[in-house]
Amino acid sequence: RQAELAGKIVVDLTNPVDFATFDSLTVAPGASAAAALASALPSSHVLKAFNTNFGATLASGVAGDQPTTVLVAGDDADAKASLIAAITPSGVKALDAGSLKRARELEAIGFLQISLAASEKIGWTGGFAVVAGAPRAGWRVRPSQGVGAPRRRVSRRVTRPRRRLGRHPGRG
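Residues numbered from 1 in each chain as written. Predicted model: local features only at pLDDT ≥ 70, side-chain atom pairs only at ≥ 80, totals over all residues. Heavy atoms only, no water.

What to know about the overall build of the protein chain
Regarding its fold elements, the protein chain presents five helices and eight strands. Shown N-terminal to C-terminal, the secondary structure of the protein chain runs as helices and strands in the order α-β-α-β-α-β-β-β-α-β-α-β-β. For the protein chain, buried positions account for 28% of its 172 residues. For the protein chain, the accessible area works out to roughly 11,600 Å², and carbon and sulfur atoms hold 56% of it. (Helix = DSSP H or I, 4+ residues; strand = E, 2+ residues; numbered from the N terminus. Buried < 20%, exposed > 50% of the residue type's maximum accessible area, 1.4 Å probe, protein only. Areas by Shrake-Rupley, 256 points an atom, 1.4 Å probe, with all protein chains shown as cover.)

Given below as structure tokens:
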């Protein structure tokens, strides 16, 4: 199959859930099914998508009262753009979720959603929604924080050196 899929976009929509127990993923911590697929198909453009969406939300175009959003992760920007362009005419939104390294988090979100639906805490017509708000003015991620780190307000205030605590000068 490697030769047949060479140069092609391959979309992994699986959730590697341990269906015997519904209490974990079947991949090792830090790994993902999508990464394993990409390793098995090195000449293909592997993307992770659709695994965080139930079929009903894709068919209806809504998750609850929010538009359905398909999260797409992968290392090939052109492949992601092609998939996003193919998805959006159907009426659902698509969002670039980053590199294929994000597949682990997408699989965890899919697992959580399946677990909640299986335990009847949410319905199979519901799910998580992405509500994109405008970034707050004055807030940014510092390069040292990395992607996914909590955002902190960047202060432009000049700080003064702290005084050393201890005996006050001039007092014996």
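With respect to the confidence of the model for the protein chain
Should pLDDT be low for a region, the predicted coordinates there are not to be read in detail. The pLDDT averaged across the protein chain works out to 85; a share of 80% of its residues lies at or above 70. Here strand E8 (residues 152-153) stands out as the least confident element of the protein chain, with mean pLDDT 54; strand E2 (residues 45-48) is the most confident, with 98. (pLDDT = per-residue confidence, 0-100.)

As for the pattern of salt bridges
Applying the stated criterion to the full structure yields four salt bridges. For Lys48, the salt bridge is made with Glu107, and the minimal N-O distance between the two is 2.8 Å. Separated by 59 residues along the polypeptide, Lys48 in strand E2 and Glu107 in helix H5 (residues 103-118) bring together distant segments of the chain. An identical accessibility class is assigned to Lys48 and Glu107; each is buried. (Salt bridge = Lys/Arg side-chain N within 4 Å of Asp/Glu carboxyl O.)

Regarding the environment of Gln66
Examined against the element boundaries, Gln66 turns out to sit in strand E4 (residues 66-67). Sequence separation of Gln66 and Gly127 is 61 residues, and the distance between their C-alpha atoms is 9.6 Å. In contact with Gln66, other than residues within four places in its own chain, are Gly61, Ala129 and Val131. (Contact = heavy atoms within 4.5 Å.)

Focus on the side chain of Lys48
The exposure class assigned to Lys48 is buried, which follows from its relative accessible area of 0%. Here Asp12 takes part through its side chain, which lies 2.9 Å from a polar atom of the side chain of Lys48. Within the structure, Lys48 has its side chain in polar contact with the side chain of Glu107 (distance 2.8 Å). Once you skip the residues sitting within four places of it in the chain, Lys48 turns out to touch Asp12, Thr14, Ala34, Leu71, Val72, Ala73, Leu100, Ala103, Leu106 and Glu107. (Polar contact = N/O pair within 3.5 Å; in protein donor to acceptor, adjacent residues only side chain to side chain.)

Thoughts on the packing of aromatic side chains
Across all of its chains, the model carries one aromatic pair by this definition. Centroid distance Phe54 to Trp124: 4.9 Å. Interplanar angle 55 degrees. Geometry classified as tilted. One end of the pair, Phe54, is in the loop between E2 and helix H3 (55-60); the other, Trp124, is in the loop between H5 and strand E7 (139-140), with 70 residues separating them in the sequence. (Phe/Tyr/Trp six-rings, centres within 6.5 Å; stacked < 30°, edge-to-face > 60°.)

Topic: the nonpolar core
Within the largest apolar cluster, 10 residues are counted, these being Leu47, Ala49, Val70, Val72, Ala79, Leu83, Ile84, Ile87, Val92 and Ala94. When contributions to this core are tallied by element, the ones reaching two or more residues are strand E5 (69-74) and helix H4 (77-87). Per element, the largest residue contribution to this core is four residues, and it comes from H4. Discounting residues that sit within four places of it in the chain, Ala94 has contacts with Val70, Ile84, Ile87 and Thr88. (Core = buried A, V, L, I, M, F, W, Y, C linked by side-chain atoms within 4.5 Å.)

A word on empty space enclosed by the protein
Counted according to the given criterion, the structure contains one cavity of 30 Å³ or more. Taken as a whole, the largest cavity encloses approximately 40 Å³ of empty space. As for the largest cavity, its lining consists of Thr52, Asn53, Phe54, Thr57, Ala63, Thr68, Thr69, Gln113, Gly126, Gly127 and Phe128. Of the residues belonging to the lining of the largest cavity, the class tally is three nonpolar, eight polar and no charged. (1 Å grid on protein atoms, 1.4 Å probe; cavity = no way out; pocket = protein on both sides within 12 Å on 5 of 7 lines; lining within 4 Å. Points joined across faces, edges and corners; volume = space filled by probe spheres on them. Nonpolar A, V, L, I, M, F, W, Y, C, P; charged D, E, K, R; others polar.)

Some remarks on unusual backbone geometry
Positive phi outside glycine occurs at Phe50, with the angle close to 75 degrees. The topology assignment puts Phe50 in the loop between E2 and H3. We note that Glu120 has phi near 60 degrees; this positive angle belongs to a residue other than glycine. Note that Glu120 resides in the loop between H5 and E7.

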